[in-house]
Amino acid sequence: MSVNALFKPFQLGALRLPSRVVMAPMTRSFSPGGIPAAKVIEYYRRRAAAGVGLIITEGTTVGHKAANGYPHVPRFYGVDALAGWKKVVDAVHAEGGRIVPQLWHVGNVRRLGTEPDGDVPGYGPMPKVKDGKELVHGMSHEDIAEVIQAFAQAAADAKAIGMDGVEIHGAHGYLVDQFFWEGTNQRDDEYGGSLAKRSRFAIELIQAVRAAVGEGFPIIFRFSQWKQQDYSARLVQTPEALGEFLQPLADAGVDIFHCSTRRFWEPEFEGSHLNLAGWTRELTGKPTITVGSVGLDGEFLQFMVDTDKVAQPASLENLLTRLENDEFDLVAVGRALLVDPDWAAKVRDGHEQDILPFSREALTTLV
Ligand SMILES: Cc1cc2nc3c(=O)[nH]c(=O)nc-3n(C[C@H](O)[C@H](O)[C@H](O)COP(=O)(O)O)c2cc1C
């Protein structure tokens, strides 16, 4: 089995990736005070040194008071945090790799008490009040403008410190996705209603990011059918609806779609073997990134439920066939790269037998 398809360069405008292997964004919670420091720099450098073509950083919060939802998540605002990221960029570039930050706002899943400002509730499309206490602040038009501005600023900062593009986190039931999904958006203003109207927040956000970075600076947009609030949720049921959903996002300025699924081999719609990335590429003509259990025999939620489960290395044959057939352009790898910094090099050099299995324990250290 030839793995060449994974190690061909990829070119989009001025962006040239040395391989098709992308490190999937993975929150690691190893940045106390929100600053990516020495261990984090080394963590990303090692992946770039060992054949990863593009690193998408862990979710990193934009400069809005309610953006964060978890402990020790790195910020993407503030002189101290941006100086940390600049060191990450320089270290990755020195190894010939490329890197983009995943820009994140968690929206309504933020709990009162979360750093950095514990008194700030979650912000979301809809308000939530319990026993007279505001748990989620329903976003006004001013709030919307403020959050969009925070994303635009983060993107401008990414460009200023030498990042190779940005990824907007529009997936998994966080803020942008909360606007998309009818389960979390019942607004009766211009940001709610049909999916086209629920997309307005994302469209304005992408347009603002594009305006902030100018033409030629890659914008990746990550989206998913599944939500952490409901793993069986679907935004769209048919290819036609997927096309209608994605085209306005593409028109707003997206260069690459990152199609988040848990198992890359699953057909997205009946009647075709194409997965979500395959359909997205077909419908929009944009390059796509596939993801989900690449190189492992168990999917990523399993280890949360069954904490003793170990995911073993699995064959890449199906993936390689699809990549060779141009179903998608890039392949994001999550847990396999989390546990094994040398995963890509081992695949490239035919040392599959040395690839490490993934277990929950890998989350406790940053190697
Ligand atoms: C520990 C961990 C943290 C994650 N954090 C993020 C994140 O910050 N942003 C995001 O979009 N996805 C996140 N994900 C999802 C991954 O990017 C990826 O889509 C998922 O793990 C499936 O890929 P895999 O099967 O190769 O692990 C995370 C996954 C894991 C395992």
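In the block above lies the structure referred to throughout.
Calculation criteria
- Residues numbered from 1 in each chain as written.
- Predicted model: local features only at pLDDT ≥ 70, side-chain atom pairs only at ≥ 80, totals over all residues.
- Heavy atoms only, no water.
- Helix = DSSP H or I, 4+ residues; strand = E, 2+ residues; numbered from the N terminus.
- Buried < 20%, exposed > 50% of the residue type's maximum accessible area, 1.4 Å probe, protein only.
- Contact = heavy atoms within 4.5 Å.
- Expected span 1.5 Å × (residues − 1).
- Core = buried A, V, L, I, M, F, W, Y, C linked by side-chain atoms within 4.5 Å.
- Pairing = 2+ DSSP bridges.
- Axes fitted to C-alpha atoms, helices over the stretch in contact; angles between N-to-C directions.
- Phe/Tyr/Trp six-rings, centres within 6.5 Å; stacked < 30°, edge-to-face > 60°.
- Lys NZ or Arg CZ within 6 Å of the ring centre and 35° of its normal.
- Parallel < 35°, antiparallel > 145°, perpendicular 65-115°, else oblique.
- Left-handed = near helix turned anticlockwise from the far one by under 90°.
- Near = heavy atom within 4 Å.
- Polar contact = N/O pair within 3.5 Å; in protein donor to acceptor, adjacent residues only side chain to side chain.
- Areas by Shrake-Rupley, 256 points an atom, 1.4 Å probe, with all protein chains shown as cover.
- Nonpolar A, V, L, I, M, F, W, Y, C, P; charged D, E, K, R; others polar.
- Salt bridge = Lys/Arg side-chain N within 4 Å of Asp/Glu carboxyl O.

Caption draft 1: How the structure looks around the environment of Gly-350. Following the sequence through the fold, Gly-350 ends up in the segment after helix H12 (343-348). With relative accessibility at 38%, the residue Gly-350 sits in the partly exposed group.

Caption draft 2: Here's a closer look at the side chain of Thr-114. Looking at the secondary structure, you find Thr-114 in the loop between strand S5 (98-104) and strand S6 (122-124). Residues contacting Thr-114, with those up to four places away along its chain left out, are Asn-68, Gly-69 and Tyr-70.

Caption draft 3: Examining helix H6 (residues 200-213) more closely. Between the first and last C-alpha of H6 there are 20 Å, a value that for 14 residues agrees with the 20 Å anticipated at 1.5 Å per step. For H6, the set of buried residues is Phe-201, Ala-202, Ile-203, Leu-205, Ile-206, Val-209, Arg-210 and Val-213.

Caption draft 4: Spatial organisation of the nonpolar core. Membership of the largest hydrophobic core comes to 99 residues, with the highest contact counts inside it found for Phe-201, Phe-221, Phe-245, Leu-249 and Trp-343. Of the residues forming this core, the biggest block, eight residues, is contributed by helix H3 (residues 141-160). Aside from chain neighbours lying at most four places away, what touches Phe-201 is Ile-144, Val-147, Ile-148, Leu-175, Val-176, Phe-179 and Tyr-191. Ala-24, Ile-56, Val-100 and Ile-289 belong to the second-largest nonpolar core, a separate cluster that totals 14 residues.

Caption draft 5: Main features of the sheet that holds strand S12 (residues 288-291). A barrel is described by the order of its strands in space; here eight strands give the closed sequence S3-S4-S5-S9-S10-S11-S12-S13, paired in parallel fashion. Neighbouring strand axes in the sheet, compared pairwise and without regard to direction, differ in orientation by 25 degrees on average. Pairing geometry for strand S3 (residues 21-23) and strand S4 (residues 54-61), over two bridges, is parallel. Each bridged residue has a counterpart across the sheet, and for Met-23 the counterpart in S4 is Ile-55. Its contacts with the sheet place helix H1 (residues 38-49) against S3 and S4, and it is angled at close to 155 degrees to S4. Helix H8 (residues 276-284) rests against strand S10 (219-224), strand S11 (256-260) and S12 of the sheet, and its axis sits at about 150 degrees to S11.

Caption draft 6: Structural context of the environment of Ala-14. Tracing the chain through its elements places Ala-14 in the loop between strand S1 (10-12) and strand S2 (15-17). Considering only alpha carbons, one finds Ala-14 and Phe-217, 203 residues apart in sequence, at a separation of 8.2 Å.

Caption draft 7: Inspection of the packing of aromatic side chains at higher detail. If you walk through the whole model with that rule in mind, you get 16 aromatic pairs. By way of ring pairs, the aromatic residues Phe-180, Phe-221, Phe-223, Phe-245 and Phe-257 are connected into one cluster. The cationic tip of Arg-200 hangs over the ring face of Tyr-191; the distance from NZ or CZ to the ring centre is 5.3 Å. The ring centre of Phe-358 lies 5.6 Å from the NZ or CZ of Arg-335, which sits over that ring.

Caption draft 8: Seen up close, the packing of H6 against helix H7 (residues 239-252). Two numbers describe how H6 lies on H7: the axes approach to 8 Å, and their chain directions differ by 20 degrees. On the basis of their axis angle, the class for H6 and H7 is roughly parallel. The two elements H6 and H7 cross, and the hand of that crossing is right-handed. Packed against H6, whose contacting residues are Ala-202, Ile-203, Ile-206, Gln-207 and Arg-210, the element H7 presents Pro-248, Leu-249 and Ala-252 at the interface.

Caption draft 9: The arrangement of the sheet that holds S6 in detail. Across the sheet, which stays open at both edges, the three strands sit in the order S6-S8-S7 with mixed pairing between neighbours. A strand with exactly one partner marks an edge of an open sheet, and here the two such strands are S6 and strand S7 (128-130). In this sheet, neighbouring strand axes are inclined to one another by 20 degrees on average, regardless of whether the strands run parallel or antiparallel. Bridge count between S6 and strand S8 (residues 133-138): three bridges; the pairing is parallel. When the bridges of S8 are listed, Tyr-123 appears paired with His-137.

Caption draft 10: Quick peek at the site of the ligand. The immediate surroundings of the ligand are formed by 18 residues, with Pro-25, Thr-27, Arg-222, Ser-293 and Arg-335 found nearest. Here an oxygen atom of the ligand and a backbone polar atom of Pro-25 are 2.7 Å apart. One nitrogen or oxygen atom from the side chain of Thr-27 is found 2.6 Å from an oxygen atom belonging to the ligand. When the free accessible area of the ligand is taken as 610 Å², the share hidden by the protein chains comes to 92%.

Caption draft 11: Molecular detail of the packing of H3 against H6. Where H3 contacts H6, the axes come no closer than 8 Å and their chain directions differ by 35 degrees. Judged by the sense of rotation from one axis to the other, the crossing of H3 with H6 is right-handed. Across from Ile-144, Val-147, Ile-148, Phe-151, Ala-152, Ala-155, Ala-156 and Lys-159 in H3, the residues of H6 making contact are Phe-201, Glu-204, Leu-205, Ala-208, Val-209, Ala-212 and Val-213. Across the contact of H3 with H6, the residue classes break down as 13 nonpolar, no polar and two charged.

Caption draft 12: Fine view of the pattern of salt bridges. Summed over the entire model, instances satisfying the criterion amount to 17 salt bridges. In this structure, Asp-164 and Arg-98 form a salt bridge, with 3.9 Å as the shortest nitrogen-oxygen distance. You can see Asp-164 sitting in the loop between H3 and strand S9 (166-169) and its partner Arg-98 sitting in strand S5, a full 66 residues away along the chain. Residue classification places Asp-164 among the buried residues on the basis of a relative accessible area of 14%. Here Arg-98 falls in the partly exposed class, since its relative accessible area comes to 26%. For Lys-346, the salt bridge identified is with Asp-340, shortest N-O distance 2.9 Å.

Remember, this is a structural readout, not a statement about activity or role.
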